Amino acid sequence: MNPNLNSIPSEEYKPLDNQLSLDDLQSQNYISSNPVTPQPENKKGIKKYLPYVCLVCLICSLFGNINLYYSNTILKKQYEQARSTANINQYWYDVGQKHYMELLERKIELEKEYNFYHDNAVIVTENGSRYHRYGCSHTFGRTYWIYNIENAQYQGYTPCKDCWN
Ligand SMILES: [Zn+2]
């Protein structure tokens, strides 16, 4: 309220005939007792469309969440299938690994046996005077015996020049 108007005693203040008093202005809502600050037009526009913007955001969020839910469901199924396949593969890998270890042990045993016969066993043929290694061409198609080297040498056999050099 204007302090100048308040400072004038009411009996001294008499409006002119064509002049409205402060009470008249207030009663006719020309002056509001609670002044409202005027807002720019663009702020009013934002307030007007704000619910629609929120609704659009809500719908987008809803569809996004539904999409994520289905994607998650599909990924879960794929994960379960992959895990099942991995378990099967792991089982066959373990079986193969066990079989491989058994074969490796068998190979080591066979290598020992091979080395023993390779180092000690020789082949002598009927009517021959030489002793031979396995696979020598002089033993093909002939009657043969297998001796150890000491026995062959004791019986007078000498090493074959083709397979012992
Ligand atoms: Zn030979």
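Check the entry above for the structure.
Right, let's walk through the structure included here. Because the structure is predicted, anything quoted here is derived from the model rather than measured.

**Details of the overall build of the protein**
Counting secondary structure elements, the protein contains four helices and four strands. The order of α-helices and β-strands along the protein, N terminus first, is α-α-α-β-β-β-α-β. Per-residue burial over the protein gives 9% buried out of 165 residues. For the protein, restricting intrachain contacts to residue pairs at least 6 apart in sequence, the fraction spanning at least 24 positions comes to 47%. Put simply, the protein shows about 14,800 Å² of open surface, and 57% of that area lies on carbon and sulfur atoms.

**Side note on the layout of surface pockets**
Of the pockets and cavities examined, the largest pocket occupies roughly 380 Å³. Listed by contribution, the elements that provide at least two residues to the lining of the largest pocket are helix 3 (41–120), strand 1 (121–125) and strand 3 (144–148). Looking at side-chain class alone, the lining of the largest pocket contains nine nonpolar, three polar and one charged residues.

**Quick word on the coordination of the zinc ion**
For the zinc ion, the full set of protein donor atoms is His132 (ND1), Cys136 (SG), Cys160 (SG) and Cys163 (SG), at a range of 2.1 to 2.4 Å. Classification of the site at the zinc ion as tetrahedral follows from its four donor atoms and the range of 89 to 124° in their angles at the metal. Along the chain, the residues that donate to the zinc ion are spaced as H-x3-C-x23-C-x2-C. Taken together, the residues span a long stretch of sequence, with His132 in strand 2 (residues 130–132) and Cys160 in the segment after strand 4 (158–159) at a distance of 28 residues.

**A word on the pairing of strand 1**
Within strand 1, four of the five residues are buried, which leaves it mostly tucked inside the rest of the structure. Sheet topology places strand 1 next to strand 3; five bridges connect them, and they run antiparallel. Looking at strand 3, one finds that Ile123 is bridged to Ile146. Counted along the chain from strand 1 to the antiparallel partner strand 2, the turn is four residues long, and its residue Asn127 has a positive phi close to 70°.

**Remarks on the side chain of Thr139**
On the secondary structure map, Thr139 appears in the loop between strand 2 and strand 3. A relative accessible area of 10% places Thr139 in the buried class. Setting aside residues up to four positions removed in sequence, Thr139 forms contacts with Ile123, Thr125 and His132.

**Side note on the sheet that holds strand 3**
Pairing within the open sheet is mixed, and its four strands lie in the order 3-1-2-4. With partners counted over all chains shown, the strands left at the sheet margins are strand 3 and strand 4, one partner each. As judged from the two bridges shared by strand 2 and strand 4, these two strands associate in the parallel manner. Bridge pairing in strand 4 links Tyr131 to Pro159.

**Focus: the packing of aromatic side chains**
In this description, a pair of aromatic rings is defined by centroid distance and the angle of the planes. A complete count under the given rule lists six aromatic pairs for this structure. Taking the centre distance of 5.5 Å and the plane angle of 75° together, the rings of Tyr69 and Tyr70 count as edge-to-face. Here Tyr69 and Tyr70 have matching classes, each one exposed. Taking 5.4 Å as the distance between ring centres and 80° as the angle between the ring planes, the aromatic pair formed by Tyr131 and Trp164 counts as edge-to-face. Separated by 33 residues along the polypeptide, Tyr131 in strand 2 and Trp164 in the segment after strand 4 bring together distant segments of the chain.

Conventions adopted
- Residues numbered from 1 in each chain as written.
- Predicted model: local features only at pLDDT ≥ 70, side-chain atom pairs only at ≥ 80, totals over all residues.
- Heavy atoms only, no water.
- Helix = DSSP H or I, 4+ residues; strand = E, 2+ residues; numbered from the N terminus.
- Buried < 20%, exposed > 50% of the residue type's maximum accessible area, 1.4 Å probe, protein only.
- Contact = heavy atoms within 4.5 Å.
- Areas by Shrake-Rupley, 256 points an atom, 1.4 Å probe, with all protein chains shown as cover.
- 1 Å grid on protein atoms, 1.4 Å probe; cavity = no way out; pocket = protein on both sides within 12 Å on 5 of 7 lines; lining within 4 Å.
- Points joined across faces, edges and corners; volume = space filled by probe spheres on them.
- Nonpolar A, V, L, I, M, F, W, Y, C, P; charged D, E, K, R; others polar.
- Donors = N, O, S within 2.8 Å, 3.2 Å for Na, K, Ca; no water.
- Tetrahedral: all angles 85-135°; square planar, octahedral: opposite > 155°, others 65-115°.
- Pairing = 2+ DSSP bridges.
- Phe/Tyr/Trp six-rings, centres within 6.5 Å; stacked < 30°, edge-to-face > 60°.

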